[in-house]
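# Inside the fold
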Amino acid sequence: EALYDEVMGERKAGRACRIYAPVGGHEDLLGYLVRRLLENGANTSFVNRLADDETPVSEIVADPVEIAERERVEGRRVTLIERPRQIFAPVRTASAGLALTEISVRRPLIDEISKTLKTPFAAGPIVNGKATTGGDAASLLLSPHDKRERVGSLRLATPALLEEAITGAAASAHRWDISPATERARILTLAADLYERDRVVLMAALVREAGKTLEAAQAELREAVDYLRYYATEALRLFSEPVILKGPTGEENTLTLRARGPFACISPWNFPLAIFTGQIAAALAAGNSVVAKPAEQTPVTAFLAVRLLHEAGVPGDVLHLVTGGGKLGEALIKDTRIQGVAFTGSNDTARAIQKTLFDRRGAIVPFIAETGGVNAMIADSSALPEQVVRDAVRSAFDSAGQRCSAARVLFLQDDAAPRIKAMLAGAIEALDVGDPLDYATDIGPVIDDAAQDMLEGHKVRMQREGRELIDLPLPESCRAGTYVTPALYEIDRLDRLPGEVFGPILHVVRFERGHLDRVIAALNATGFGLTLGLHSRIESVADYVAEHARVGNLYVNRNQIGAVVGVQPFGGEGLSGTGPKAGGPNYLVRFATERTRSTDITSTGGNATLLSSGAA
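Scope of this entry: the structure provided in the associated data block. Computed from a predicted model, the values in this text were never measured in an experiment. Counting starts from 1 at the beginning of each chain's written sequence and moves along it residue by residue. In view of the model being predicted, local features appear only for residues whose pLDDT reaches at least 70, and side-chain atom pairs are presented and counted only at 80 or more, with totals across whole chains, interfaces and linings using the full set of residues. Think of the side-chain values as coming from all heavy atoms in the structure, minus any hydrogens and water.

What follows covers the overall build of the chain. By the criteria applied, helices consist of DSSP H or I runs no shorter than four residues and strands consist of E runs no shorter than two, each listed in order from the N terminus. On a plain count of helices and strands, the chain comes out with 20 helices and 20 strands. Among the 616 residues that make up the chain, the fraction classed as buried is 49%. Whether two residues are in contact is decided by their heavy atoms: any pair within 4.5 Å suffices. For the chain, long-range pairs separated by at least 24 residues make up 74% of all intrachain contacts whose partners lie at least 6 apart in sequence. What sets the accessible areas is the Shrake-Rupley method with a 1.4 Å probe; for residues, cover comes only from the shown protein chains. Carbon and sulfur atoms form 53% of the exposed surface of the chain, whose accessible area is close to 30100 Å². Across the chain, the 68 positively charged side chains and the 78 negatively charged ones have centroids separated by 4 Å. Buried means the residue's accessible area, taken with a 1.4 Å probe over protein chains only, is under 20% of the maximum for its type, while exposed means over 50%, and partly exposed covers the values in between. Neither His nor the chain ends contribute to the count of charged residues, in which Lys and Arg are positive and Asp and Glu negative. Charge positions are represented by NZ for Lys, CZ for Arg, CG for Asp and CD for Glu.

Take a look at the structure:
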């Protein structure tokens, strides 16, 4: 107050002054004081500079806003933090996003999406560039948000169309393989631009066909765009020139990556644009032709994506779309002309594909699989409760829990468990379940009746075997859709779970101080190894978990979803996948085969560099 009076008092400095004071319990205050000590102890801090007699007072009291503006005008500003779209420059441009929190941005987008949805979509197979849609053979597609709402119609691929697609992919494979990597990269980059151009249509399909909220739909669109641009740059890095290998003089040795041939890309419904696009883009970038089969729940999004890829310049006989269910996928995999499979989905389907490939008795081909996980988040007593709750809620309930990476279990150290559980239940209670086109909605529908039935059955089981902490009531407006409300249960041990529970249900397990090793052992024992979140402010704890946990992606003091292409390559191990990681520097190599060329150059004049080396 004395300082305030000196600044604001009568005939004093006459400057505006704001009192900034911490309010809260001692736990919060200690962290606050540590941060202030670190700031004030920094060499650049006001307090530190004030004590330096050699620093001019005019420099200490200079207005930083005036300094920044002067540097901007004079062109002297040093860029320390790149703008969001330039963080990967000059290699590639990051995907564009809209500030959906701003109503002036959001309202026109929602209006355009609503206008787009007034006309039902028509989807079907696209073989050799020709789409087959509509007609008496088409079936209706209904929205998971409201099963009375028609999304569009779907034509399924016939056995004859599948045969035509595989034949076309096989015939075009060599031509696409020998096309320059620069041309393939140009086409994929153009496709990324077209995705952004058609943002409204793609987001409309994601919202109504897949039940994505607006934020989730935009995030998925951006991920798809990033996949296209990233794999374009990877094609240039890996496929432009052969690698020259060291060897004896008089001999030239090179290693070249070449395409394998037609790839089957089988994608899931939970990321019908991002994963669908990522698989195809990687295969195309590596020079392979593609027969793509999307999930039967989300064919419209796949249809729109393939049309844009063709518009960008991918030849119609190089990329084919076949729509259908499991039998179609089985027939596709059985064909010995298919030289590789990229798959994302359930463990059961992955095992079936693996067996089918084995039974073919032909060439051994790559099987790139990303499956599920019993993903956990661990919080010890040093973790910040507010941060744990924020990240646990997002990790478990974003996209209605229908993410491969979503948290299914939250391990809480006994010391911190009571407070965090109470805060977590309160945060879940504040979630809004409803129409995903409404920006206020946090939780949209699950994908279909089968998913809804499985999740509701799991809730019944948890009420019997665990303790219900909260299960939100279903709003009346959601009863026409396949909704499952977010729920939180406490269980005594991890093996209460039958496996991956793919939906908006989080389980809490408590553990004793000093027994983190048992938590890691229990997680490793599941056989899954996709994502793991850790909240701890003790670095040695993070090091221990990283050393002992068998997981593909470890996230420390943050949420465990939303891996960024090229920044957090994504993929698991064990029952969670084969690797390599999607969106990483090793992914495209798995879609290729290596060829070595060794040439004796003595018969054509020998090593000319020896003559021009300048040695006397």
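Past the structure itself, the notes keep going.
Put simply, buried Ala, Val, Leu, Ile, Met, Phe, Trp, Tyr and Cys residues joined by side-chain atoms within 4.5 Å make one nonpolar core. Counting residues in each nonpolar core, the largest one holds 75 residues, and the members touching the most others are Tyr-195, Tyr-231, Ile-280 and Phe-591. Ranked by residues supplied to this core, first place goes to helix α10 (residues 214-239) with 13 residues. Excluding residues that lie within four positions of it along the chain, Ile-280 makes contacts with Cys-265, Val-290, Ala-292, Leu-309 and Leu-319. Membership of the second largest hydrophobic core comes to 62 residues, among which are Ala-379, Val-388, Leu-494 and Leu-523.

What follows covers empty space enclosed by the protein. Grid spacing is 1 Å over the protein atoms alone, the probe is 1.4 Å, and a cavity is where that probe fits but cannot get out, while a pocket is an open set with protein on both sides within 12 Å along at least five of seven lines and lining residues have an atom within 4 Å of a point. Grid points are joined across faces, edges and corners, and a volume is the space filled by probe spheres set on the points. For the structure on display, the rule yields three cavities of 30 Å³ or more. Estimates place the volume of the largest cavity at around 110 Å³. Residue lining of the largest cavity: 13 residues in total, with Ala-210, Gly-211, Lys-212, Ser-399 and Gln-402 positioned closest to the centre. Note on residue categories: nonpolar means Ala, Val, Leu, Ile, Met, Phe, Trp, Tyr, Cys or Pro, charged means Asp, Glu, Lys or Arg, and polar means any other residue, Gly included. Classifying every residue of the lining of the largest cavity gives five nonpolar, six polar and two charged. Looking at which domains feed residues into the lining of the largest cavity, each of domain 1 (125-132 + 156-371 + 585-593) and domain 2 (376-556) gives three or more. Within the residue set of the lining of the second largest cavity, elements represented by two or more residues are α18 (516-525) and β18 (531-535). Counting residues per element, the lining of the second largest cavity draws most heavily on α18, at three residues. Classifying every residue of the lining of the second largest cavity by side-chain character gives nine nonpolar, four polar and one charged. All the domain ranges listed were derived from an automatic or database domain assignment.

We now examine α10. What sets the pattern is the α-helix's 3.6 residues per turn: residues three or four places apart point alike. Any helix carries an expected span of 1.5 Å times its number of residues minus one. Its 26 residues give α10 an end-to-end C-alpha distance of 37 Å, which sits within 8% of 38 Å, the value for a rise of 1.5 Å per residue. Here α10 lies mainly inside the structure; 21 of its 26 residues are buried.

Between helix α9 (residues 199-209) and helix α12 (residues 299-312), the shortest axis-to-axis distance is 9 Å and the interhelical angle comes to 165°. In terms of axis orientation, α9 runs roughly antiparallel to α12. Of the two possible hands of crossing, α9 and α12 adopt the one that is left-handed. Counting all contacts with α9, which are made through Val-201, Leu-202, Ala-205, Leu-206 and Glu-209, the residues of α12 involved are Pro-299, Val-300, Thr-301, Leu-304 and Leu-308. Its residues assigned to classes, the contact of α9 with α12 shows eight nonpolar, one polar and one charged. Throughout, an axis means a line fitted to C-alpha atoms (over the contacting stretch in the case of helices), and angles, computed between N-to-C directions, take values from 0 to 180 degrees. When an angle is under 35 degrees it counts as roughly parallel; over 145 it counts as roughly antiparallel; between 65 and 115 it counts as roughly perpendicular; any other value is oblique. A clockwise turn of the near helix away from the far one marks a right-handed crossing, whereas an anticlockwise turn of less than a right angle marks a left-handed crossing.

Pairing within the open sheet is mixed, and its seven strands lie in the order β15-β16-β17-β14-β13-β18-β19. Two strands lie at the open edges of the sheet, namely β15 (467-471) and β19 (553-556), each paired on one side alone. Pairwise comparison of adjacent strand axes, ignoring direction, gives a mean angle of 20° for this sheet. As judged from the four bridges shared by β18 and β19, these two strands associate in the parallel manner. The residue bridging Thr-531 from the neighbouring strand is Asn-553, located in β19. Strand contacts of helix α17 (residues 449-465): β15, β16 (487-490) and β17 (505-511), with the helix running at about 30° to β17, the strand carrying the most contacts. When DSSP finds two or more bridges between a pair of strands, those strands are recorded as paired.

Burial along strand β8 (residues 263-266) is two-sided: Phe-263 and Cys-265 and Ala-264 and Ile-266, pointing in opposite directions, are all buried. Where β8 lies against strand β9 (residues 290-293), four bridges are found, and the strand directions are parallel. Its bridge partner lying in β9, Cys-265 is registered against Ala-292. By definition, the crossover connecting two strands over a helix is right-handed if that path, from the first strand to the second, turns clockwise as seen with the strands pointing away from the viewer. In this region the chain leaves β8, passes through helix α11 (residues 274-285) and returns to the parallel neighbour β9; the handedness of that crossover is right-handed.

Side chains Val-290 and Ala-292 of β9 all project onto a buried face; the interleaved residues Val-291 and Lys-293 project onto the opposite face, where all are buried too. Relative to strand β10 (residues 319-321), β9 runs parallel, the two being bridged by three bridges. Following the sheet pairing, Val-290 is matched in β10 by Leu-319. Remark: the β9/α12/β10 crossover connection has right-handed handedness.

Position of Lys-212 relative to the elements: it lies in the loop between α9 and α10. Polar contacts here mean pairs of N or O atoms no more than 3.5 Å apart (in protein, one a potential hydrogen donor and the other a potential acceptor; neighbouring residues in sequence count only if both atoms are side-chain atoms). A polar contact is formed between the side chain of Lys-212 and the side chain of Glu-220, at a distance of 3.0 Å. Only 2.6 Å separates the side chain of Lys-212 from the backbone oxygen of Asn-270, close enough to count as a polar contact. With near-sequence residues (within four places) excluded, Lys-212 lies in contact with Leu-206, Val-207, Ala-217, Glu-220, Asn-270, Phe-271, Pro-272, Ser-399 and Pro-436.

With that out of the way, let us pick up the sheet that holds strand β5 (residues 150-154). The strand order across the open sheet built from three strands is β1-β5-β4, with neighbouring strands paired in mixed fashion. Each of the sheet's edge strands pairs with one partner strand only, and the pair in question is β1 (121-123) and β4 (139-142). If you compare each strand with its neighbour and ignore which way they point, the axes differ by 30° on average. Summarising the sheet, β1 and β5 pair through three bridges and their orientation is parallel.

Okay, the environment of Arg-106 next. Here Arg-106 lies in helix α6 (residues 103-117). Between the alpha carbons of Arg-106 and Tyr-439 there is a distance of 8.4 Å; along the sequence they are 333 residues apart. Ignoring any residue separated from it by four or fewer positions in sequence, one finds Arg-106 in contact with Leu-100, Thr-101 and Tyr-439. Within the structure, Arg-106 has its side chain in polar contact with the backbone oxygen of Thr-101 (distance 3.4 Å).

Further remarks concern the layout of surface pockets. Estimated volume of the second largest pocket: approximately 910 Å³. Forming the walls of the second largest pocket are 37 residues, and the residues nearest its centre are Trp-269, Phe-343, Gly-345, Ser-346 and Thr-349. At the level of elements, α13 (326-334), β11 (340-344), α14 (347-359) and α17 are the ones that each hand at least two residues to the lining of the second largest pocket. With seven residues, the single largest contributor to the lining of the second largest pocket is α14. Among the residues forming the lining of the second largest pocket, the class breakdown is 15 nonpolar, 15 polar and seven charged. Looking at which domains feed residues into the lining of the second largest pocket, each of domain 1 (125-132 + 156-371 + 585-593) and domain 2 (376-556) gives three or more.

No statement about biological role is implied by the geometric values presented.
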